[in-house]
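Close look at the chain arrangement
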Protein chains: 4
Amino acid sequence: MIIQLENTISPQNLDLLKREITNVKYSVNQVSTQMGNYLVCIGKDEFDIRSIGHLSGVKDIHRVNEIVKLVSRKWKTERTQIDLGDGVKVGDKNFAIMAGPCSIEGEEQIRSTVKQLVKSGVRIMRGGVYKPRSSPYSFRGMGMDGLKLFSQLCKAEGIKIITEVMQVSQVEEMHDYVDIFQVGSRNSQNFNLLDALGGIDKPVLIKRGISGSIDELLYSAEYIFSGGNEKLMLCERGIRTYERAYRNTLDLNAVPILKEKSHLPVIVDPSHGIGLRQHMEPMALAATVAGADGLLLEIHEQPEIAFSDGQQTLNYREFEQLLEKIKIIKEVL
Amino acid sequence: MIIQLENTISPQNLDLLKREITNVKYSVNQVSTQMGNYLVCIGKDEFDIRSIGHLSGVKDIHRVNEIVKLVSRKWKTERTQIDLGDGVKVGDKNFAIMAGPCSIEGEEQIRSTVKQLVKSGVRIMRGGVYKPRSSPYSFRGMGMDGLKLFSQLCKAEGIKIITEVMQVSQVEEMHDYVDIFQVGSRNSQNFNLLDALGGIDKPVLIKRGISGSIDELLYSAEYIFSGGNEKLMLCERGIRTYERAYRNTLDLNAVPILKEKSHLPVIVDPSHGIGLRQHMEPMALAATVAGADGLLLEIHEQPEIAFSDGQQTLNYREFEQLLEKIKIIKEVL
Amino acid sequence: MIIQLENTISPQNLDLLKREITNVKYSVNQVSTQMGNYLVCIGKDEFDIRSIGHLSGVKDIHRVNEIVKLVSRKWKTERTQIDLGDGVKVGDKNFAIMAGPCSIEGEEQIRSTVKQLVKSGVRIMRGGVYKPRSSPYSFRGMGMDGLKLFSQLCKAEGIKIITEVMQVSQVEEMHDYVDIFQVGSRNSQNFNLLDALGGIDKPVLIKRGISGSIDELLYSAEYIFSGGNEKLMLCERGIRTYERAYRNTLDLNAVPILKEKSHLPVIVDPSHGIGLRQHMEPMALAATVAGADGLLLEIHEQPEIAFSDGQQTLNYREFEQLLEKIKIIKEVL
Amino acid sequence: MIIQLENTISPQNLDLLKREITNVKYSVNQVSTQMGNYLVCIGKDEFDIRSIGHLSGVKDIHRVNEIVKLVSRKWKTERTQIDLGDGVKVGDKNFAIMAGPCSIEGEEQIRSTVKQLVKSGVRIMRGGVYKPRSSPYSFRGMGMDGLKLFSQLCKAEGIKIITEVMQVSQVEEMHDYVDIFQVGSRNSQNFNLLDALGGIDKPVLIKRGISGSIDELLYSAEYIFSGGNEKLMLCERGIRTYERAYRNTLDLNAVPILKEKSHLPVIVDPSHGIGLRQHMEPMALAATVAGADGLLLEIHEQPEIAFSDGQQTLNYREFEQLLEKIKIIKEVL
């Protein structure tokens, strides 16, 4: 059960309300986000919600019998839209392209990408400065120096930044240079990191775990929301299956399911999803018509010499072609 | 290596050719289909193909280093198109809708479906008369009586039939009443059935196994082609994964991969794929833009009372809506 | 619900009984096997079973709320034992080793294996004469000629034969030369083959599908039992997962689960399970202590030159070592 | 390539050595652990290792062509043994039982468990104080208060503690109260946590990821080792598959494979592995004969009322029975 509170609710009325709920043997979790104040109440027995609906300070009450509460569509049927400022929005009719290299490699590369994005009318750039790598001996990203450069060059052109955060201590460090924090697949159930991201007022994109279930992805979002941050996006990026013909198995079934279950925007990453450059276009178009609210795309001026993931990265010409097709499809649907 | 033979090749020249190939330690598999005569030659060592290219009766020679040979695009870059007669074609720009109930239930149901298909301009009806069921106590289909009725009512309206064949003895029995034989997921590696279907001149649609790999699907098609029947379609219908939010995980990655590797048409079955009626439309549209050559759809006048699979079956209104959207998308792409 | 019938039940009493069951809206499936006569009754409503328990010809009545009926332990708590004759038994304290080559290759190979089995006191020899192969161009077995030779040489030494049957027409053809029919993974849900094996009086070992669930394996056994043959064994042989370090993932969890759910013997095939010769011993021992009723092992005089599966085949010395360790473990447990 | 260094190597000789390696285009990673000093050198070209083998300060040089280096058996064929002090050792013939509740619940529960362990001669107690939970609303552990109590009561009886660490900041906080840090499945690729654990001198047990591959588990161990801590244990705890009959699929194939590839001890957790109390004994025994160096077991005085995981927890009587059987098996093998 979710109780939406009036912002003006008095401490006395809040206490009264909490007492009433505890009386019917529900636990009470108070949540305050950028957008609202909620009580998430968890219990088993049925009771007459009218008994609390009339209390002062209660805006609305919703039964939510799903496993997740705040991220569920059961209490919020309108779609969440995330405003990044400067007219850049994600979700609820704002289809968002987020494109850029796998890894930030240096000034020249950032400039080249920014220029291409400006040319294509794309407002969000992706690029990793902290890279999760299976092997400790691989390149692990440019770190904060890379991020500061990345931020400076993007701000100059009104481009927003999405980049991966890997641990709690980075949240504060990276905060001022980032527009969207990305939680990667391997950290999808790093609950301490999710807790930390619940405490800030910056949008977060959460990737589904490497073999994460739909429910687990929603739970991870619930962690952040219940921590106080409801500017969230869910991201499908391919799951691990027995099939060896592609890097991961991009699971587009997740798109309509997530949009049925949650009010949050759903972004698809076909680059990691199928992991094959020559097949990114069909998968990106398929994600678009399946109902995705945006795409996370790896592009590079010369994918052949990229520091990482070159085999799943589009060059600029391929990227423009894809954007053109997406535009046509979005117009007719 | 595939050697395409002239139809006019003399027995002497054929013998000579086979001897040359055996001399370089390749095995020779002679294949005669409805459309051509081939030698599939398998060996390891490199040799100079010019030494046989000049022999009489040799039309063309292709190195095919893929695991599969005849179904590979390495020797046949043009797309295979399958002609069902009466102007009904599948593949190579002929996007085919195959729709109908999971199970054939009786005359009234067939008539209703046929009427709807005619109204919608759809020329191929699906419907099972032999049903593979996990439990021996479930309804297992109307059998030959159902098929004869199905065939009679469809023929009267120029509708072609696709239906599942489950064992060797049914191939002959069903032959005259069927336009496309469907090999189901559970029989995807029933090699004796594949052998038997190689011996007839009727199109075959092969579904990927429940956890079948891309390679295994191609190998299964190779069985039929090498047996003498090259009128083949491949079908993606969802794979088995850990995810429990849907019946199967429709794997649209398979579409561009199969079209890259093979010249055969690729059909997608979103009904079994996601297994949820309310999400069939986005998955069907996604399959279409991903490059599928057709869709296999479960429809029923009243899905709620269907003998089987009602939860993944569209009603007629939903079906017409979907067709309308597919039409729009096909036009702009 | 399973009703065990007296063999002496009169047709009139049987009719009466069926009518009573139909009256409470249960379907009735009459099953006659080598060992008993049963009515398998499927329905939803609860009713008072005493109303039929007193009828003449009823031996016993059991509620079986599991998805499967006849193969469930809910009605038969004693373990099924299968008697192959000549003192060779499988199940219920008779731990059975079934060993031999992947493929029957010729007289010399059979003689060598038989000699080794006699020496080791092993009474059942495995060996394929019909081989399911992914590629149509691979060696597909010696067929009936191989089987006849196999049978003749084994009979002479009192060795029983287990070999794979791949299609309905082979059941009759192979019948007199086989002691245990093996249904392979790819045919685990070949329902027509299961039906055919229900009609004979020869033991059948059913392998779990390549990604078959526990429930599906039990259902497949139910097919054969309900067809009239209750001499059945279940076989775990490794499932398909994302892991690439081994051929399949031998799933020993299946052993205690199957023994909890079913009264049938459970055999484990570590050769296909892990697919690596050097690790067969630990997996075979693990299967033994996990509660398996027997092992299916690939052995060969010279695994390096075997026609197939050499990399997962023990040589005779390794085989003897393994038998010695199994013996020790069986003694102390 | 791994170069073992003499502890007495002079800075000059170390520089010289590094320069030689860089000259042949290998990268150099210097690693100093509790037990040794190494250079891990990664490159592609073959070169004559004799050219550096004679240099002063070089103890030994090993080619290691595996994906992992320091955790590989290619350079260290003897088994790693971990000494926890007070005569408690893990690995290399010291089979270790680690038993206790899923969650630390309070003083009485700790006392009861410790008493049982002392009675059974078990020297390591498990128990979570920080619990990773899918839902943010679930009980998340007693935290540091619980750990201090846990530590105090165990120390008094000479029992060592293994408990899960979830984030970097906890490493220091927990350090003095823990004997073995456990990295849970969800953090198996939390690379920052692995880095942090590389910087301390406390043993670490790393669980395989929820769908982690063998290679990924080894890579995670390589992170910690290359960070400077070689007191490591690997843990198989069940993987995620399509099968729904058990919580996870305990993958015992991992045991012989990990012991082939790595010199580190391999521990098995059958509680999470199969997740069913009634089947823990066969799986624990199977793990033992498959070659595990120890078991991680959930036990509780009254599993029925445990805060978490009661359904996969043994009571004391079942635990003693299991220990007895393990003892018998270890004696005969």
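Nothing here was measured: the structure is a model prediction, and the numbers come from that model. Every chain is numbered independently, its residues counted from 1 as its sequence is written. Numbering of ligands from 1 and lettering of chains from A proceed in the order in which they are written. Two thresholds apply to this predicted model, a pLDDT of at least 70 for residue-level local features and 80 or more for giving and counting side-chain atom pairs, whereas whole-chain, interface and lining totals are computed over all residues. Each side-chain value is derived from all of the structure's non-hydrogen atoms; neither hydrogens nor water enter the calculation.

Quick look at the overall build of chain A
Here a helix means four or more residues in a row that DSSP labels H or I, a strand means two or more in a row labelled E, and each is numbered from the N terminus. Secondary structure summary: chain A contains eleven helices and 14 strands in total. Over its C-alpha trace chain A gives a radius of gyration of 21 Å, about what one expects of a compact globule, namely 20 Å for 333 residues. If one aligns the C-alpha atoms of chain A with their principal axes, the spans along those axes are about 65 × 40 × 40 Å. Partly exposed residues are those whose accessible area sits between 20% and 50% of the maximum for their type, while under 20% is buried and over 50% is exposed, using a 1.4 Å probe and protein chains only. Burial statistics for chain A: of 333 residues in total, 63% are counted as buried. Here, two residues are considered to be in contact whenever any of their heavy atoms come within 4.5 Å of each other. Partitioning the contacts of chain A with sequence separation of at least 6, the portion at a separation of at least 24 is 68%. Counting only carbon and sulfur atoms, one obtains 44% of the accessible surface of chain A, whose full area is about 12300 Å². In this tally Asp and Glu are treated as negative and Lys and Arg as positive; neither His nor the chain ends contributes. Taken as the charge location is NZ of Lys, CZ of Arg, CG of Asp or CD of Glu. Treating the 41 positive side-chain charges of chain A as one cloud and the 43 negative ones as another, the clouds have centres 2 Å apart. Our radius of gyration is a C-alpha quantity, and the globule rule it is checked against amounts to 2.2 Å times the number of residues to the power 0.38. Residue exposure ignores everything except the shown protein chains as possible cover, and the areas themselves are Shrake-Rupley values with a 1.4 Å probe.

Topic: the interface of chain A and chain B
The extent of an interface is frequently quoted as the accessible surface area lost upon association of the parts. In this assembly, 37 residues from chain A lie in contact with 37 residues from chain B. Buried surface at the junction of chain A and chain B, both sides included, amounts to about 2800 Å², of which 68% is carbon and sulfur. The term buried area denotes the loss of accessible surface (1.4 Å probe radius) that occurs when two parts are joined, taken as the sum for both partners. Of all residues in chain A, the largest losses of buried area upon contact with chain B belong to Tyr242(A), Tyr246(A) and Asn253(A), amounting jointly to 22% of the total for that side. For this document, the term salt bridge refers to a Lys or Arg side-chain nitrogen within 4 Å of an Asp or Glu carboxyl oxygen. Taken together, the links from chain A to chain B amount to two salt bridges. Ionic pairing is found between Glu243(A) and Arg208(B), a salt bridge with its closest N-O pair at 2.9 Å. Contacts described as polar in this section are N or O atom pairs within 3.5 Å, which, within protein, must combine one atom able to donate a hydrogen with one able to accept it, while residues neighboring in sequence count only if both atoms come from side chains. Taken together, the connections running from chain A to chain B amount to 16 residue pairs in polar contact (both at pLDDT 80 or more). Among the secondary structure elements, those contributing two or more residues to the side of chain A that touches chain B are α8 (254–261), α9 (270–274), α10 (280–289) and α11 (316–332) of chain A.

Quick look at the environment of Pro303(B)
All names here are of chain B. Within the fold, Pro303 resides in the loop between β14 (294–298) and α11 (316–332). For Pro303, a relative accessible area of 3% translates into the label buried. Along the primary structure Pro303 and Gly53 are separated by 250 residues, whereas in three dimensions their C-alpha atoms are 58 Å apart. Apart from residues lying up to four places away in sequence, Pro303 is in contact with Arg277, Gly310, Thr313, Leu314 and Asn315.

A word on the pairing of strand β12 (residues 232–236) of chain C
All names here are of chain C. Where burial is concerned, most of β12 is hidden: five out of the five residues are buried. In this analysis, strands are considered paired if DSSP registers two or more bridges between them. Where strand β11 (residues 204–207) meets β12, four bridges bridge the pair, whose relative direction is parallel. Within β12, the residue paired with Leu205 across the bridge is Met233. A clockwise path from the first strand over the helix to the second, with the strands pointing away from the viewer, defines a right-handed crossover. Considered for its hand, the β-α-β crossover made up of β11, helix α7 (residues 214–227) and β12 is right-handed. Bridge analysis of β12 against strand β13 (residues 266–268) gives three bridges, and the strand direction is parallel. Across the sheet, Glu236 pairs through a bridge with Val268, a residue of β13. Crossover connection from β12 via helix α8 (residues 254–261) to parallel β13: handedness right-handed.

Thoughts on the relation of the copies chain A and chain B
What sets the superposition is a least-squares fit of C-alpha atoms, and only residues with pLDDT of at least 70 in both copies go into it. Rotating chain A by 180 degrees about the axis while translating it 0.0 Å along that axis superimposes it on chain B, leaving an RMSD of 0.0 Å. Given the turn and translation reported, the copies of this chain are related as if by a two-fold rotation axis. Residue Ala286(A) of chain A places its C-alpha closer to the rotation axis than any other residue of that unit, at 2.0 Å. The fraction of interface residues of chain A whose copies in chain B are also interface residues reaches 100%, indicating that both copies meet through the same surface.

Section: the packing of aromatic side chains
In this description, an aromatic ring pair is defined by two values, namely the gap between the centres and the angle between the planes. Aromatic contacts are taken between Phe, Tyr and Trp rings whose centres are within 6.5 Å, Trp giving its six-membered ring; a plane angle under 30 degrees counts as stacked, one over 60 as edge-to-face, and the others as tilted. Tallied over the entire structure, the rule returns 16 aromatic pairs over all chains. Their ring planes at 20 degrees and their centres at 4.6 Å tell us that Phe191(A) and Tyr223(A) sit as a pair that is stacked. With Phe191(A) in helix α6 (residues 191–198) and Tyr223(A) in helix α7 (residues 214–227), the pair connects residues that are 32 residues apart, well separated along the chain. Between Tyr38(D) and Trp75(D), the aromatic rings sit 5.4 Å apart at their centres with planes inclined by 70 degrees, giving edge-to-face as the arrangement. Here Trp75(D) lies in the loop between β4 (58–62) and β5 (82–85) and Tyr38(D) lies in strand β3 (residues 37–42), a separation of 37 residues in the sequence. Of the residues examined, Tyr38(D) reaches a relative accessible area of 4% and is grouped as buried. Residue classification places Trp75(D) among the buried residues on the basis of a relative accessible area of 9%. Through pairs of rings, three or more aromatic residues link up here, namely Tyr38(A), Trp75(A) and Phe225(A).

Observations concerning the domain arrangement of chain A
Residues and elements named next belong to chain A. Where a domain begins and ends is set by an automatic assignment or by a domain database. You can read the domains of chain A as domain 1 (2–62) and domain 2 (82–332). Between the C-alpha centres of domain 1 and domain 2 there is a distance of 36 Å. On the domain 2 side, the residues contacting the seven residues of domain 1 number nine residues. Interface area, domain 1 with domain 2, both sides summed: about 590 Å², of which 56% is carbon and sulfur. If you sort the residues of domain 1 by the area they bury against domain 2, Val31, Gln34 and Met35 come out on top, with a joint share of 67%.

Notes on helix α8 (residues 254–261) of chain B
In terms of burial, α8(B) is a largely internal element, six of the eight residues being buried. Within α8(B) the residues assigned to the buried category are Ala254(B), Val255(B), Pro256(B), Ile257(B), Leu258(B) and Lys259(B). Tucked into the core, α8(B) has its buried residues touching α9 and α10 of chain A together with α7 (214–227), β12 (232–236), β13 (266–268) and α10 (280–290) of chain B.

Focus on the side chain of Gln170(A)
As for its placement among the helices and strands, Gln170(A) is situated in helix α5 (residues 168–174). Judged by its relative accessible area of 4%, Gln170(A) falls in the buried class. There is a polar contact of 2.7 Å between the side chain of Gln170(A) and the backbone nitrogen of Met166(A). When neighbours within four sequence positions are excluded, Gln170(A) is seen to be in contact with Tyr130(A), Val165(A), His175(A) and Asn192(D).

Things to note about the sheet that holds β3(D)
Residues and elements named next belong to chain D. With antiparallel pairing, four strands are arranged side by side in an open sheet as β2-β3-β1-β4. Each having just a single partner strand, β2 (27–32) and β4 make up the two edges of the open sheet. This sheet shows a mean twist of 20 degrees between the axes of neighbouring strands, independent of strand direction. Sheet analysis places strand β1 (residues 2–5) next to β3, joined by four bridges and oriented antiparallel. Each bridged residue has a counterpart across the sheet, and for Ile2 the counterpart in β3 is Val40. What counts as an axis is a line fitted to C-alpha atoms, over the stretch in contact for a helix, and the angles between N-to-C directions run from 0 to 180 degrees.

Topic: the relation of the copies chain C and chain B
Of the transformation superimposing chain C on chain B, the axial component is 0.0 Å and the angular component is 180 degrees, with the fit at an RMSD of 0.0 Å. Comparing contact sets, 100% of the residues at the interface of chain C also lie at the interface in chain B, consistent with an isologous, same-surface contact.

Focus on the pattern of salt bridges
With the rule as written, the count across this model stands at 70 salt bridges over all chains. For the salt bridge of Glu66(B) with Lys74(B), the shortest nitrogen-to-oxygen distance reads 2.8 Å. Where salt bridges share partners, they join Arg208(A), Glu236(A), Asp251(A) and Glu243(B) into one cluster.

Side note on the UniProt feature "domain: DAHP synthetase I/KDSA" (unreviewed entry) in chain A
Taking the UniProt record as the reference, the feature "domain: DAHP synthetase I/KDSA" (unreviewed entry) is found at residues 81–327 of chain A. Taken end to end, residues 81–327 of chain A is 37% helix and 17% strand, and its first and last C-alpha atoms sit 20 Å apart. UniProt positions are given in the numbering used here, feature names are shortened, and annotations may be inferred rather than shown by experiment.

A few points about the packing of helix α6 (residues 191–198) of chain C against α7(C)
All names here are of chain C. The contact between α6 and α7 brings their axes to 7 Å, and the two run at 35 degrees. Considering the relative orientation of α6 and α7, their crossing is right-handed. Along its contact with α6, which presents Phe191, Leu194, Asp195, Leu197 and Gly198, the element α7 presents Ser220, Tyr223, Ile224 and Gly227. Here the residues of the contact of α6 with α7 are counted per class, giving five nonpolar, three polar and one charged. A crossing counts as left-handed when the near helix is turned anticlockwise from the far one by less than a right angle, and as right-handed when that turn is clockwise. Just so you know the grouping, Ala, Val, Leu, Ile, Met, Phe, Trp, Tyr, Cys and Pro go in nonpolar, Asp, Glu, Lys and Arg go in charged, and all remaining residues, Gly too, go in polar.

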